[in-house]
Amino acid sequence: MLQIKPILAALKRHKAGTILIALQIALTLAIVCNALFIIQQRLDRIARPTGLIETNLLTLQNGWVGVDDKSTGPLVRADLQAIRQLPGVEDAIATNSYPLRGGGWSTGVRTNPDAKKSEAHTTQYFVDDHALATMGLKLIAGRNFRADEVTEVDPQGVVSASQIIVTKALADKMFPDGSGLGKVLFVDDGTKPSTIIGIVERLEVPWNSSWSDAFLDNAVLEPYQLTGGYTSYMVRSKPGQLAAITKSVPETLFKLNRMRVIPSERGVRTYDMVRAQAYKSDRGMAILMGVVCLVLLAITAAGIVGLTSFWVGQRRKQIGVRRALGATQRDILSYFMTENLLIGIAGVVIGALLAVGMNLWLVTQFEMARLSLLYVAIGVVALLLLGQGAVLAPAMRAARVPPVEATRSV
């Protein structure tokens with residue numbers, strides 16, 4: 001404590017270097033805190049479950065060529081029959097979309113047909129009675145569709161189905177006082193009632209952007225087989241057969257009917273590939289933010305080492321005089337460590353305020369979540385430890401300056 005007064009006096013004589021290092025620490029803290037917060041958000045997004053059993057799952061995008069859109073129903077049924085009979089295939093469906101596909105249908109949902117505004121937003125999946133088994137959804141209440149409830153429909157003429165299966169999140173949202181099983185919903189802002197015959201534990205929407213986070217787990221499954229020029233197939237393989245059916249399914253489809261296009265890019269993908277491609281930008285952002293943090297921390301550490309080494313070089317005679325007057329190596333080491341700690345404290349105080357301010361700006365400009373103060377606290381401790389670690393080597397070099405140094409320039 002007795003050293004603080006002369007240290008403050010010394011820092012006043014070196015205002016420029018002191019202010020620059022303090023500002024560098026502050027800026028590093030502000031950026032690193034927000035970057036780590038963004039990284040954690042991205043990692044949470046990447047890791048969140050879709051509700052599907054994603055292993056042993058294959059997806060295909062099929063486009064018909066030279067076929068009237070309204071005449072594709074029998075072709076899709078023939079495709080499904082052929083796929084389901086393949087060795088290694090456990091089940092298969094045709095659907096308009098699936099989680100992480102990137103495109104699909106969404107609409108409003110009401111409990112009162114006379115209500116002017118929707119009470120919730122949801123995505124719509126049009127599937128048949130094989131959907132639960134193929135997608136690996138967990139039915140927690142009610143029943144699955146029956147085959148006789150599945151009908152073929154033109155996408156332009158879709159109206160609410162009489163029976164629907166919904167996710168637990170949507171059921172809880174619409175009927176917070178109890179189970180939604182057996183209750184009626186009005187989907188697609190229409191007036192035709194849809195009775196909830198089943199509730200699945202979880203099923204994510206097809207999009208992974210922030211705009212869909214508000215209804216991420218709201219999904220309605222309707223027993224429709226859509227006609228149209230494009231169809232998505234989901235195929236569940238038996239254990240250990242995914243690689244084999246990845247090759248055999250498209251070959252079988254082309255043998256069955258060559259008037260189709262399966263895109264070479266993203267036409268045939270395992271669900272692992274779907275997930276990897278859906279979160280490619282999130283993963284890239286997390287890596288970029290991580291690299292930025294490491295670079296900033298390295299630059300800050302280098303700045304502290306450089307400035308302290310410069311000051312040690314400047315003060316060799318002063319250090320020698322102190323050593324000649326009885327100061328021990330520990331006293332010299334403590335002096336430089338304390339000096340750096342004071343600069344670090346000033347920097348992290350400014351940096352903490354800057355980190356919160358920067359986050360508030362990001363919240364208003366990009367609708368980001370508010371920064372947890374835990375990240376600021378961890379950042380403060382990390383920057384102070386980094387500063388102490390960086391100053392250790394030049395401080396030890398200063399401590400080794402001999403007392404005779406006081407006489408060398410005389």
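Fair warning: this is a prediction, and the values are worked out from it, not measured in the lab.

The rules behind the values
- Residues numbered from 1 in each chain as written.
- Predicted model: local features only at pLDDT ≥ 70, side-chain atom pairs only at ≥ 80, totals over all residues.
- Heavy atoms only, no water.
- 1 Å grid on protein atoms, 1.4 Å probe; cavity = no way out; pocket = protein on both sides within 12 Å on 5 of 7 lines; lining within 4 Å.
- Points joined across faces, edges and corners; volume = space filled by probe spheres on them.
- Helix = DSSP H or I, 4+ residues; strand = E, 2+ residues; numbered from the N terminus.
- Nonpolar A, V, L, I, M, F, W, Y, C, P; charged D, E, K, R; others polar.
- Patch = residues over 30% accessible without salt bridge, like charges linked within 9 Å, V, L, I, M, F, W, Y side chains within 5 Å.
- Areas by Shrake-Rupley, 256 points an atom, 1.4 Å probe, with all protein chains shown as cover.
- Salt bridge = Lys/Arg side-chain N within 4 Å of Asp/Glu carboxyl O.
- Buried < 20%, exposed > 50% of the residue type's maximum accessible area, 1.4 Å probe, protein only.
- Arc of directions from axis to C-beta.
- Contact = heavy atoms within 4.5 Å.
- Core = buried A, V, L, I, M, F, W, Y, C linked by side-chain atoms within 4.5 Å.
- Axes fitted to C-alpha atoms, helices over the stretch in contact; angles between N-to-C directions.
- Parallel < 35°, antiparallel > 145°, perpendicular 65-115°, else oblique.
- Left-handed = near helix turned anticlockwise from the far one by under 90°.

**Student:** Can you walk me through the layout of surface pockets in this structure?
**Tutor:** Over the atoms a probe the size of a water molecule is rolled, and this reveals where empty space is left. Within this model, the largest pocket holds a volume of roughly 600 Å³. Taken together, 23 residues line the largest pocket, and the ones lying closest to its centre are I38, Q41, R42, F366 and M368. Elements represented by at least two residues in the lining of the largest pocket include exactly α2 (15-47), α8 (280-314) and α10 (329-366). Ranked by residue count, the leading element in the lining of the largest pocket is α2, at seven residues. Residues that form the lining of the largest pocket fall into these classes: twelve nonpolar, six polar and five charged.

**Student:** Where do I start with a nonpolar patch on the surface in this structure?
**Tutor:** Taken together, the side chains of I287, V291, V295 and I299 define a hydrophobic patch exposed on the protein surface, amounting to about 350 Å² of accessible area. In this structure I299 comes out as partly exposed when scored by relative accessible area, which is 48%.

**Student:** Where do I start with helix α7 (residues 271-278) in this structure?
**Tutor:** Helical geometry: 3.6 residues make up each α-helical turn, so side chains three or four residues apart lie on a common side. When α7 is considered as a whole, its buried residues turn out to be Y271, V274, R275 and A278. Down the axis of α7, the smallest arc covering the buried residues is 95°, so these residues share one side. Where α7 is buried, its residues meet α2, β1 (57-64), β14 (268-270) and α8.

**Student:** Is there a simple way to think about the nonpolar core in this case?
**Tutor:** Nonpolar side chains in soluble globular proteins tend to be buried together. Membership of the largest hydrophobic core comes to 35 residues, with the highest contact counts inside it found for L29, I319, I332 and F336. If you list the elements that add at least two residues to this core, you get α1 (4-13), α2, α8, α10 and α11 (373-399). In terms of nonpolar packing, the next biggest core, distinct from the first, is built from 24 residues, L57, L132, L137 and I197 among them.

**Student:** How should the pattern of salt bridges be read in this particular structure?
**Tutor:** Close approach of charged atoms lets side chains of opposite charge pair. For the structure shown, the criterion picks out 17 salt bridges. E204 serves as the salt-bridge partner of R48, at 3.6 Å between the closest nitrogen and oxygen. Residue R48 is located in the loop between α2 and β1, and its partner E204 is located in the loop between β9 (194-200) and β10 (219-222); the two are separated by 156 residues in the primary sequence. Note on accessibility: R48 and E204 belong to one class, buried. A salt bridge links D172 to K168; the nearest nitrogen and oxygen atoms lie 2.8 Å apart. Placement of the pair is D172 and K168 together in helix α5 (residues 168-174), with a separation of four residues, close to one helical turn.

**Student:** Looking at this structure, I do not really get the packing of helix α3 (residues 73-84) against helix α6 (residues 242-256). What am I missing?
**Tutor:** The packing of two helices is summarised by the inter-axis angle and the distance between the axes. Taken N-terminus to C-terminus, the directions of α3 and α6 make an angle of 135°; their axes are 10 Å apart at the nearest point. On the basis of the axis angle, α3 is oblique to α6. Viewed along their axes, α3 and α6 form a crossing whose handedness is right-handed. Each of A78, D79, A82 and I83 in α3 lies in contact with α6, whose residues at this interface are V249, T252, L253 and L256. Looking at side-chain class alone, the contact of α3 with α6 contains six nonpolar, one polar and one charged residues.

**Student:** What is the right way to look at empty space enclosed by the protein in this model?
**Tutor:** Evaluated as defined, the whole model comprises two cavities of 30 Å³ or more. If you add up the space inside the largest cavity, you get close to 50 Å³. Lining the largest cavity, in full, are I21, I304, L307, T308, W311, F336, E339, N340, I343 and V391. Contributions of two or more residues to the lining of the largest cavity are made by α8 and α10. Split into classes, the residues belonging to the lining of the largest cavity amount to seven nonpolar, two polar and one charged. Of the pockets and cavities examined, the second largest cavity occupies roughly 40 Å³. Lining the second largest cavity are I25, I304, N340, L341, G344, L383, L384, G387 and Q388. Counting only elements with at least two residues in the lining of the second largest cavity, the list comes to α10 and α11. If one sorts the elements of the lining of the second largest cavity by residue count, α11 sits on top with four residues. Its residues placed into classes, the lining of the second largest cavity shows five nonpolar, four polar and no charged.

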